[in-house]
Amino acid sequence: MGAQRLAAVLAVVALVLLSTSHAADAENRQVFLDWEVSYAVRSPLGVAKRVITINRRLPGPLLNLTTNDIVHVNVVNTLDEPFLLTWNGLQMRRNSWNDGVAGTNCAIPPGRNWTYVFQAKDEVGSFFYRPSLGLHAAAGGHGPIRVNNRPVIAVPFAQPDGEFDVLIGDWYNMDVKKMREYLDRGRDLPSPDGILINGLGTYETDFTFKPGHTYRLRVLNVGTSTSLSFRIQGHKLLLVEVEGTYTLQKHYASLDVHAGQSLSVLVTADQPPKPYYMVASSLFVRPELFGVANVLYAGSGGDPPPSDAPLDDLSSSHNSYNRSMEQARSISMNMTCGAARPNPQGSFHYGRINVTRTILLRNDEADIDGRRRCTVNGVSFANAGTPLKLADHFDVAGIFTVLSGLPERRTPSFGTTVIDARYRDFVQIVFENKLQSLQTWHLDGYSFFVTGMGWGKWRPDARSTYNLVDAIYRSTVQVYPASWTAVLVSLDNEGIWNLRSQDLGRRYLGQETYMRVSQGGSEVTDPRDELPMPSNALVCGKAKSSKLGRA
C-alpha cells in the first residue's frame, strides 16, 4: 500500500498549498487512519445477521476532528463486493472528489484499498459516516464524526463534563440481500424489527452519569428510514447544536430525529440518584418500536432497570405529524455566537439576499417498465456505471442528462440526472412530497437554511410565511406527508453533489439526483474554488478509456 500512502501525501500537499487561510496552514493537524471494512455476524435483536464492521466494530470508530484538520482515511475493502463510504454532513469544501458516492467516486473493489483525503474546513458539529452503495448501510458500516471548535473560538455553553455519541436507528434482522429482493419485486419493506442504540438491543447499553455533572450527547439517526423520538426518563434535553449549527437553546422533553439527522443536547444529572431509561422510539410506525438504554448514576448503588419493564410505559405521547412539524419550526439558529469562525452566525443576513432561482423537486412513485420505482420530477435515478464527476472531467458524452430542476410533463422514466447550477448563486429549493409517508432529504457538500414548511402544494406566495431571520442551518431536512419544505442555499462549493433521500429503500428505488455547481461557460476552474482531480483517484467505466486516450 506504499503507493496509496504516497498518493495520499501528495494530495494533502495540494490541499495545504491551495488553502485560502495561509496563516493557519501551519497549525492544521494531519490525521492518518487505517480502516478495514469486513463482514461479521452479530445478533443485536437475538437473530444472527451478516453485518459490515469498521475495524471489526459496529458502530465503527469515532472520527474525532477539530476545525481545519486534514484527514487521510485509508479504507481497506475485505468484502466480496465493491464498497464506498460517504461523510454525512461534512461539507467537503472544494472536494467533491472525496464525497464517497457512486456519482463522484469509483467504488473500492474487493481486496483493494483507497485513501480519502479531505479537510474539515470551516465547520464544527456532529455528523456520521456510512456506506453509500446499494443497501450496505442497512448492514451497518457507520460511525460517529465530531468536528470540535478550535480553542480560540468560543462555544455558547459551558464545557460539559463529558460527551457521548449516541447512534440510534431502526434495524432489520433480514439480510440485506433479502431486502434488495423485496424492493426489486416492487414490494415495500416490512416494518423494522427494532431500534438499536449504539449497535445494541434494548437494555444492553449503559451510560454512566456523575450526580450534578452535565453531559453533551451527540444523537445521530443512522437507521434505514424510521423517524425516532429521543428522550431520557426524568431529564430535560437542552438542544444546543444541529448538524454543525449552534441553536437557540431551549429545553425539550423529547426531540424528533429523522433518518440521517444529527443533533447535540446537554443533559444534567440533576435527578435523584437511581437508574433511568434512555429511549429512542419509532414515530409514525405501528406497532411502536423501542430502543432502550440504561442511564446509571455513578455511586448510587442502584441496579440497572429491570429488563422486563413494560415498554408501553415509555410510549411517546405526541406521535403526530402536526406536533412534529411544530417542534421543527421551534428550532432556530443562535444568532449571538460563532461556529467555526469567530464572527456571529447571524452576520450572514440570508433573508436579504436576492434569490436567483427556484428549484422544485417533487417526489412520487411510479410503475416504470413494470417495476415500482421512486421518482424525482418524474425520473427514477439509475446509476450509469461511470461516476458523473469523471464523465464531466473527461468530457465523456452520454452519461447523464441535465434537467431543469422543475416538474415537467413527462412519462415516468429511468434516467441519470443532473441539475445544473451556477457557482455563487443563491437558490431556493422546494421539496414537495406527494406521498403519505414522511421523507428526508440530504444535500452533500452543503448546509441550507430551512425557511418554511407547510401542508399541501407549495405556492410562490408561501414565502410570506418563511423565517428569514434565524432559520436553522442544516444538511438534512424532513418533508411531511402531503406537504412541502423550502430551503435557501448559497452555492459556494463547486463540484457535483449528491441530492438524495435518506430513506435507504427509497433511494435504492431512484429517489435521488445530483447538482453540478460550476462557473459555466468557458471559464477555467480556479483551484481556490475547486481542488484538482486527486492523483490517487480511481478511474472506471467509460472514463477509463477516455483517460487512456488522453495519456
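Preceding this paragraph is the structure being described.
Just so it is clear, the model here is predicted, and its values are computed rather than measured. (Residues numbered from 1 in each chain as written. Predicted model: local features only at pLDDT ≥ 70, side-chain atom pairs only at ≥ 80, totals over all residues. Heavy atoms only, no water.)

**Q** Help me understand the overall build of the chain, please; the structure alone is not making it clear to me.
**A** Tallying secondary structure elements over the chain gives seven helices and 33 strands in all. About 21300 Å² of surface is accessible on the chain, with carbon and sulfur atoms providing 51% of the total. (Helix = DSSP H or I, 4+ residues; strand = E, 2+ residues; numbered from the N terminus. Areas by Shrake-Rupley, 256 points an atom, 1.4 Å probe, with all protein chains shown as cover.)

**Q** In this structure, what is going on with helix H3 (residues 176-184)? I would like to understand it.
**A** Since one α-helical turn is 3.6 residues long, residues separated by three or four positions face the same way. Burial in H3 covers these residues: Val176, Met179, Tyr182 and Leu183. An end-on view of H3 places all buried positions within 110° of arc, on one side of the element. At its buried positions, H3 is contacted by strand E2 (49-54) and helix H6 (504-508). Between a side-chain oxygen at the N-terminus of H3 and the backbone nitrogen of lysine 177 the separation is 2.9 Å; the capping residue is aspartate 175. Glycine 186 sits one or two positions beyond H3 and adopts a positive phi of about 85°. (Buried < 20%, exposed > 50% of the residue type's maximum accessible area, 1.4 Å probe, protein only. Arc of directions from axis to C-beta. Contact = heavy atoms within 4.5 Å. Polar contact = N/O pair within 3.5 Å; in protein donor to acceptor, adjacent residues only side chain to side chain.)

**Q** Would you mind showing me how to read the sheet that holds strand E23 (residues 401-403) here?
**A** In any sheet, the strands associate via hydrogen bonds between backbone groups, in a parallel or an antiparallel arrangement. Pairing is mixed across the open sheet formed by six strands, whose spatial order is E23-E25-E33-E32-E27-E30. In this open sheet, the two edge strands, each paired with only one partner strand, are E23 and strand E30 (476-479). Geometrically, the sheet is characterised by an average inter-axis angle of 30° between neighbouring strands, direction not taken into account. Taken together, the three bridges between strand E27 (residues 439-443) and strand E32 (residues 495-501) define a ladder with antiparallel strand orientation. Its bridge partner being in E32, leucine 443 is matched across the sheet by leucine 499. (Pairing = 2+ DSSP bridges. Axes fitted to C-alpha atoms, helices over the stretch in contact; angles between N-to-C directions.)

**Q** Would you mind going over the state of the cysteines with me for this structure?
**A** As used in these notes, a disulfide is a covalent bond between sulfur atoms, one from each of two cysteines. In the structure shown here, the tally under the stated rule is one disulfide. Across the disulfide, cysteine 106 is cross-linked to cysteine 540 (sulfur-sulfur distance 2.1 Å). Negative torsions about the S-S bond denote left-handed disulfides, and the value of about -95° found for cysteine 106 with cysteine 540 makes this one left-handed. Taken together, the residues span a long stretch of sequence, with cysteine 106 in the loop between strand E5 (85-88) and strand E6 (113-119) and cysteine 540 in the loop between strand E33 (512-518) and helix H7 (542-550) at a distance of 434 residues. (Disulfide = S-S within 2.5 Å.)

**Q** Honestly, the pattern of salt bridges in this entry has me stumped. Any pointers?
**A** Pairs can form between side chains of opposite charge once their charged atoms are near each other. Counted according to the given criterion, the structure contains 23 salt bridges. As a salt-bridge pair, glutamate 163 and arginine 146 come within 3.6 Å of each other at their nearest N and O atoms. Taken together, the residues glutamate 163 in strand E9 (residues 162-171) and arginine 146 in strand E8 (residues 143-148) connect sequence positions 17 residues apart. Arginine 146 sits in the buried class, given a relative accessible area of 12%. (Salt bridge = Lys/Arg side-chain N within 4 Å of Asp/Glu carboxyl O.)

**Q** How do you make sense of the pairing of E32 when you look at a structure like this?
**A** Two faces belong to every sheet, and in a regular strand the side chains alternate between them. E32 sits mainly inside the fold: seven of its seven residues count as buried. Judged by which residues are buried, E32 turns out to be covered on both faces: Gly495, Trp497, Leu499 and Ser501 on one side and Ile496, Asn498 and Arg500 on the other are all buried. Across six bridges, E32 lies against E33 in antiparallel orientation. Each residue of the ladder has a partner; that of glycine 495, found in E33, is valine 517.

**Q** Looking at this structure, I do not really get the sheet that holds E9. What am I missing?
**A** The six strands are arranged E10-E9-E12-E17-E14-E15 in an open sheet whose pairing can be described as mixed. The sheet is open, and its two borders are formed by strand E10 (194-197) and strand E15 (245-252), each paired with just one other strand. Neighbour to neighbour, the strand axes of the sheet diverge by 25° on average, direction disregarded. Bridge count between strand E12 (residues 214-221) and strand E17 (residues 262-268): seven bridges; the pairing is antiparallel. Residue pairing in the sheet places tyrosine 215 in a bridge with valine 267 of E17.

**Q** Would you mind going over the layout of surface pockets with me for this structure?
**A** Gaps left between atoms are located by rolling a probe of water-molecule size over the structure's atoms. Computed from the structure, the second largest pocket encloses a volume of approximately 660 Å³. Leu189, Ser225, Ser437, Leu438 and Asp503 are, among the 31 residues lining the second largest pocket, the residues nearest its centre. Listed by contribution, the elements that provide at least two residues to the lining of the second largest pocket are strand E21 (371-376), E27 and H6. Tallying contributions element by element places H6 first for the lining of the second largest pocket, with three residues. Among the residues making up the lining of the second largest pocket, the classes are represented as 15 nonpolar, ten polar and six charged. (1 Å grid on protein atoms, 1.4 Å probe; cavity = no way out; pocket = protein on both sides within 12 Å on 5 of 7 lines; lining within 4 Å. Points joined across faces, edges and corners; volume = space filled by probe spheres on them. Nonpolar A, V, L, I, M, F, W, Y, C, P; charged D, E, K, R; others polar.)

**Q** What's the story with the environment of serine 227 in this structure? I'm lost.
**A** Mapped onto the fold, serine 227 is located in the loop between E12 and strand E13 (228-232). Excluding its chain neighbours within four sequence positions, the residues that come into contact with serine 227 are Asn221, Val257, His258, Ser281, Ser282, Leu283, Phe284 and Leu438. Within the local environment of serine 227, its side chain forms a polar contact with the side chain of histidine 258, the two groups lying 2.7 Å apart.

**Q** Hey, could you run me through the nonpolar core in this one?
**A** Nonpolar side chains in soluble globular proteins generally cluster together in the buried interior. Counting 117 residues, the largest nonpolar core has Trp87, Tyr116, Leu217 and Phe230 as its most contacted members. No other element matches H3, which puts four residues into this core. Look past the residues within four positions of tryptophan 87 in its chain and what remains in contact with it is Trp35, Leu63, Val73, Met92, Asn98, Asp99, Tyr116, Phe118, Phe128, Tyr129 and Ile145. Of all hydrophobic cores here, the second largest spans nine residues; its members include Val124, Phe157, Leu266 and Ala339. (Core = buried A, V, L, I, M, F, W, Y, C linked by side-chain atoms within 4.5 Å.)

**Q** Explain the side chain of glutamine 478 to me, please; I cannot follow it from the model alone.
**A** Within the secondary structure, glutamine 478 is located in strand E30. With relative accessibility at 5%, the residue glutamine 478 sits in the buried group. A polar contact of 3.1 Å, which involves the side chain of glutamine 478, links it to the side chain of tyrosine 480. Discounting residues that sit within four places of it in the chain, glutamine 478 has contacts with His258, Gln261, Ala328, Leu438, Gln439, Thr440, Met453 and Thr485.

**Q** Looking at this model, I keep getting lost on the environment of aspartate 270. Mind explaining?
**A** With respect to the element layout, aspartate 270 can be found in the loop between E17 and strand E18 (276-282). C-alpha separation for the pair aspartate 270 and threonine 214, spaced 56 residues apart in sequence, amounts to 8.7 Å. Residue contacts for aspartate 270: discarding those within four places in its chain leaves His235 and Tyr297. A polar contact of 3.0 Å, which involves the side chain of aspartate 270, links it to the side chain of glutamine 271.

**Q** How do you make sense of helix H4 (residues 321-330) when you look at a structure like this?
**A** Along H4, the residues classified as buried are Arg323, Ser324, Met325, Gln327 and Ala328. Those residues of H4 that are buried are in contact with E15, strand E16 (255-257), strand E28 (448-455) and E30. With a side-chain oxygen positioned 3.2 Å from the backbone nitrogen of arginine 323, the residue opening H4 is serine 320.

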